[in-house]
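Residues per chain are reported as follows:
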Amino acid sequence: MLLLALDTATPAVTVALHDGSAVVAASSQVDARRHGELLLPAVDRVLAEAGVKLPSVTALVVGTGPGPYTGLRVGLMTADTLGLALGVPVHGVCTLDGLAHAAGLEGPFAVATDARRKEVYWARYADPRTRVSGPAVDRPADIADELAGLPVVGAGARLYPDAFPDGRDPEHVSAAALASVAAERLRAGVALDPPRPLYLRRPDAQVPKNYKVVTPQ
């Protein structure tokens, strides 16, 4: 097993290589506006660090979000394209599950990432492996009572400390955590998600209401 994992659902552009037992190389850069520019060079760096050629990869793992439309689709399209070119399976893992795994918390907790528009993407967990609700998108004030008393992992807690006073690291997901989640599930025979985006609302970009279609003469 040689898993190449990547995620662009948060401001982090993150890539990792996992041999089925451990992460052998990883790269993460935080830049919310350059997912498309940074992702493939990060893949090249990780493979070079591990001394592995791309055709040796046996499967792709990609974060499925939820996340902002433009950034999220960069990782998903790249994973789909690489999987097709290599003839290997592409597995999806919820990005929030990666954050839950990386947090290492044992008791109940929540994960919240920045959804923009003064909202967060969030989910509740019984433990690092068990999501009990979500993912969903809401305003922090609307879920503060529901999550009261719980540690909240991710950038959402940092952005809205009044709603989530017990904020915990990591702030953004890492592909290393996603790869570890996927490897653990594959070893246990648990089916992984398809590599399809978790879009929980319409994209920020909208077609103008008075858009005029010009017919060629």
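If you're wondering where the values come from, they're calculated on a predicted model, not measured in any experiment.

> Summarise the overall build of the protein; cite the residues concerned and give the values.
Tallying secondary structure elements over the protein gives six helices and 10 strands in all. A compact globule built from 217 residues would reach a C-alpha radius of gyration of about 17 Å, and the protein, at 18 Å, matches this within 12%. Based on the C-alpha atoms only, the size of the protein along its principal axes is roughly 65 × 50 × 30 Å. Put simply, of all contacts in the protein between residues at least 6 apart along the chain, 61% involve residues at least 24 apart. Carbon and sulfur atoms make up 53% of the accessible area of the protein, which amounts to about 10800 Å² in all.

> Could you give me a rundown of the nonpolar core, with the residues and numbers involved?
One finds L96, F109, V111, Y125 and V153 to be the most contacted residues of the largest nonpolar core, which totals 26 residues. Sorting the residues of this core by element identifies β1 (3-7), β4 (59-63), α3 (95-103), β6 (109-116), β7 (119-127) and α6 (175-187) as the ones contributing at least two each. Top contributing element to this core by residue count: α6, with seven residues. Beyond its immediate stretch of four places on either side in the chain, V111 contacts L96, L99, A100, Y121, W122, A123, Y125, V152 and V153.

> Hey, could you go over the pattern of salt bridges for me, with residue numbers and the actual values?
The full count for this structure, using the stated rule, is nine salt bridges. With its nearest N and O atoms 2.6 Å apart, the salt bridge here joins E184 to R129. Highlighted residues: E184 in helix α6 and R129 in the loop between β7 and β8 (130-138), separated in sequence by 55 residues. Each of D31, R34 and E37 takes part in a single network of salt bridges with overlapping partners.

> Mind laying out the sheet that holds strand β10 (residues 167-168), listing which residues take part and the relevant values?
Sheet strands pair via backbone hydrogen bonds, and the direction of the pair is either parallel or antiparallel. The mixed open sheet is built from five strands, whose spatial order is β8-β7-β6-β9-β10. Looking at strand neighbours, the two that pair on one side only are β8 and β10, the edges of this open sheet.

> Which residues make up helix α1 (residues 35-50), and what are the values?
End to end, α1 covers 22 Å across 16 residues, agreeing with the expected 22 Å (1.5 Å per residue, within 8%). Every buried residue of α1 is accounted for by H35, L38, L39, A42, V43, V46 and L47. Viewed end-on, α1 has its buried residues packed into an arc of 160°, placing them on one side of the element. Pointing more than 90 degrees away from the buried face of α1 are the exposed residues E37, D44 and A48. Within two residues after α1, G51 carries a phi angle of roughly 70°, on the positive side.

> With reference to specific residues and values, describe unusual backbone geometry.
The general pattern is negative phi for most residues beyond glycine and trans for most peptide bonds. Across the junction of G65 and P66, the peptide omega takes the value 10°, indicating a cis bond. Within the fold, P66 resides in the loop between β4 and α2 (69-86). Between D169 and P170 the backbone carries a cis peptide bond, its omega angle lying at 5°. Looking at the secondary structure, you find P170 in the loop between β10 and α6. One non-glycine residue, R116, lies in the positive phi region at around 60°. With respect to the helices, strands and loops of the structure, R116 is situated in strand β6. Positive phi, normally seen in glycine, also occurs at R117, with a value near 50°. Summarising the element assignment, R117 is placed in the loop between β6 and β7. The exposure class assigned to R117 is partly exposed, which follows from its relative accessible area of 41%.

Rules used in this analysis
- Residues numbered from 1 in each chain as written.
- Predicted model: local features only at pLDDT ≥ 70, side-chain atom pairs only at ≥ 80, totals over all residues.
- Heavy atoms only, no water.
- Helix = DSSP H or I, 4+ residues; strand = E, 2+ residues; numbered from the N terminus.
- Rg over C-alpha atoms; globule rule 2.2 N^0.38 Å.
- Contact = heavy atoms within 4.5 Å.
- Areas by Shrake-Rupley, 256 points an atom, 1.4 Å probe, with all protein chains shown as cover.
- Core = buried A, V, L, I, M, F, W, Y, C linked by side-chain atoms within 4.5 Å.
- Buried < 20%, exposed > 50% of the residue type's maximum accessible area, 1.4 Å probe, protein only.
- Salt bridge = Lys/Arg side-chain N within 4 Å of Asp/Glu carboxyl O.
- Pairing = 2+ DSSP bridges.
- Expected span 1.5 Å × (residues − 1).
- Arc of directions from axis to C-beta.

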